[in-house]
Amino acid sequence: MNAAVEVLQSSHQHINRDRLWQSLMELARLGATVKGGVCRLALTDLDRQARDLFVQWCEEAGCAVTVDGIGNIFARRPGRNPHLPPVMTGSHIDTQPTGGKFDGCFGVLAGVEVLRTLNDLKLETEAPLEVVVWTNEEGSRFPPCMMGSGVFAEKFTLQDTLAKTDAEGISVGEALNAIGYAGTRPVSGHPVGAYFEAHIEQGPILEDERKTIGVVLGALGQKWFDLKLRGVEAHAGPTPMHLRKDALVGAAAVVAAVNRAALGHQPHACGTVGCLQAYPGSRNVIPGEVRMTLDFRHLEPARLDSMIAEVRQVIDNTCEEHGLSFELTPTADFPPLYFDPVCVDAVRGAAQGLGLSHMDIVSGAGHDAIFVAELGPAGMIFVPCEGGISHNEIENADPDDLAAGCAVLLRAMLAASQAIAQRQA
C-alpha cells in the first residue's frame, strides 16, 4: 500500500491533535485579551508578529514562502509535477476587536498541520500544495472585508485597495510597508487547482445536530442597505398621537417586516437590522429621523429578491401612513454561491471515509473561499463551535473536532491532488 492510499484510508490517525491545538494556542497569545479572546487587527504590529510566526512554521516545514502586493502570504510545498496548478487551503489570522482564537486561525493552522503531517509521513503529492494567509478578511480596521482574497480574485483593484484608510487616516499601503508585508509577487494570474477552507461554523447548527463535520454546499447571497426615515421632531407632550410624524414608529414596522420576511422564506433565509439610531435622541422629543441598516441573506436569488420586495412594500406603506420620507441606499451585494460539486463531494467522501458524523450545511457568513471559488474549484469544511458563538472573546471549539476537520482537509486535498494529476495525464 502506498503512502497516499494509506493516508486517504486513515488520515484521522495521522493528524497530530495536540500539535494543532498547541499551534492555535501559541498564535492566540499574540493579541490575547483578558477575557480569553484575541484582538489582532489587520496590518498592525500584532498582525506582523502572527505573520512572522506563520512564515517561520512554514519554512521549518520546508515550504517556499512568497508575499503578494496586498500582503497575502503563500507557503508552497512542492509536488512531483511543479507544472500542475496547486491544491490550496487557508484562511485569515486577523481578528475582530473582540475576537476569538479560532475564526480564520483554524483554517490557516489546519493547513500548516496538513503540511507537517505529510512531512511526518515523508509523502510527496502529485500537485504542489499551498497554504495561504489572506489579508484583512474581517474588514474591522480597513473596509472592505475579504480584502486580500478580493484583490487576488480581481474583485477589487490593487491600487484602490492600497488607498483605503482606517479611522486614523492610515492607508492599507502605508500599513503594509510599516509591517514589512508589501510583497512583490503579482496579485493576480495565479492558477488554482482546487481550494479548500476549514472553518469553525460560527453558528449553532452542527452542535445542535450533534454532527462533527459540516459539508458546505455554498454561501448565502447577501444584500445590504442603509435606510434613512425622516419625519418631524416634536415635543412628546403637546403633540397628539394622530398628528405625529414619528420616524421611530416607521422604523419599528420595518424591523418587524425584515424579521417576518426572513421567517417566511425558510430555509436558509436571514434578515437583520444590525444598527438603528434615532435622532435627536432626547427622551421627550419625538424622533424626527432614524438611520438603520438592513441585511438580507438567502441561498436562492429569487427568494432573496422577494424578501427585499416585501420589506420595500412595508417601507412605502409605513411612510405613507405616518407622513414620512425615506432614502434606501444599497451598500453590498454578494450573489449566492454554490461550491464546486467535486470539492463538495471530496469533503463529504472524506468525512464518510473517516467515519465522522456529518451533514450538508450552508454558510451564512462571508469567507475568502467565496472569492477564490471564482478562480477554480472550491469547497469548505465546517466544524462545530461551542454554543455557535463567534466574533466573541469566549469563542471556543473542541480539540477533537478541530483535529477531525483537519483530517477531512488532508484527505480532500490529497484526493484533489490525485484528480488534478489524472486530468493532466
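Predicted model only: the values in this text are computed from it and were never measured.

## Digging into the environment of Asp 340
- Looking at the element boundaries, Asp 340 is found in the loop between strand 14 (337-338) and helix 11 (341-353).
- Residue classification places Asp 340 among the partly exposed positions, given a relative accessible area of 25%.
- Separated by 323 residues in sequence, Asp 340 and Arg 17 place their C-alpha atoms 29 Å apart.
- In this structure, Asp 340 is in contact with Pro 377 and Ala 378, ignoring residues within four places of it in sequence.

## What to know about the layout of surface pockets
- Computed from the structure, the largest pocket encloses a volume of approximately 940 Å³.
- Taken together, 40 residues make up the lining of the largest pocket; nearest its centre are Gln 222, Arg 297, Gly 364, Ala 365 and Gly 366.
- Elements represented by at least two residues in the lining of the largest pocket include exactly strand 7 (221-230), strand 13 (325-334) and strand 15 (358-363).
- Of all the elements, strand 15 adds the most residues to the lining of the largest pocket, at five residues.
- Two domains each provide a minimum of three residues to the lining of the largest pocket, namely domain 1 (3-219 + 336-424) and domain 2 (221-334).
- Space inside the second largest pocket adds up to approximately 180 Å³.
- Taken together, Trp 224, Phe 225, Asp 226, Thr 272, Gly 274, Cys 275, Thr 293, Leu 294, Asp 295 and Thr 331 make up the full set of residues lining the second largest pocket.
- Of all the elements in the fold, those that place two or more residues in the lining of the second largest pocket are strand 7 and strand 12 (289-298).
- When its residues are assigned to classes, the lining of the second largest pocket shows four nonpolar, four polar and two charged.

## Notes on the UniProt feature "domain: Peptidase M20 dimerisation" (unreviewed entry) in the chain
- According to UniProt, the feature "domain: Peptidase M20 dimerisation" (unreviewed entry) maps to residues 221-321 in the numbering used here.
- Measuring from the first to the last C-alpha atom of residues 221-321 gives 32 Å, for a span that is 38% helix and 31% strand.

## Some points on the nonpolar core
- One finds Phe 54, Val 87, Phe 196, Leu 402 and Val 408 to be the most contacted residues of the largest nonpolar core, which totals 96 residues.
- With 14 residues, the single largest contributor to this core is helix 13 (residues 399-424).
- Other than its neighbours up to four places away in sequence, Val 87 contacts Ala 127, Pro 128, Leu 129, Glu 130, Ala 194, Phe 196, Met 413, Ala 416, Ser 417 and Ile 420.
- Judged by nonpolar contacts, the second largest core, of 23 residues, contains Ala 262, Val 290, Leu 294 and Leu 304.

Rules of the game
- Residues numbered from 1 in each chain as written.
- Predicted model: local features only at pLDDT ≥ 70, side-chain atom pairs only at ≥ 80, totals over all residues.
- Heavy atoms only, no water.
- Helix = DSSP H or I, 4+ residues; strand = E, 2+ residues; numbered from the N terminus.
- Buried < 20%, exposed > 50% of the residue type's maximum accessible area, 1.4 Å probe, protein only.
- Contact = heavy atoms within 4.5 Å.
- 1 Å grid on protein atoms, 1.4 Å probe; cavity = no way out; pocket = protein on both sides within 12 Å on 5 of 7 lines; lining within 4 Å.
- Points joined across faces, edges and corners; volume = space filled by probe spheres on them.
- Domains from an automatic or database assignment.
- Nonpolar A, V, L, I, M, F, W, Y, C, P; charged D, E, K, R; others polar.
- UniProt positions renumbered as here; feature names shortened; annotations may be inferred.
- Core = buried A, V, L, I, M, F, W, Y, C linked by side-chain atoms within 4.5 Å.

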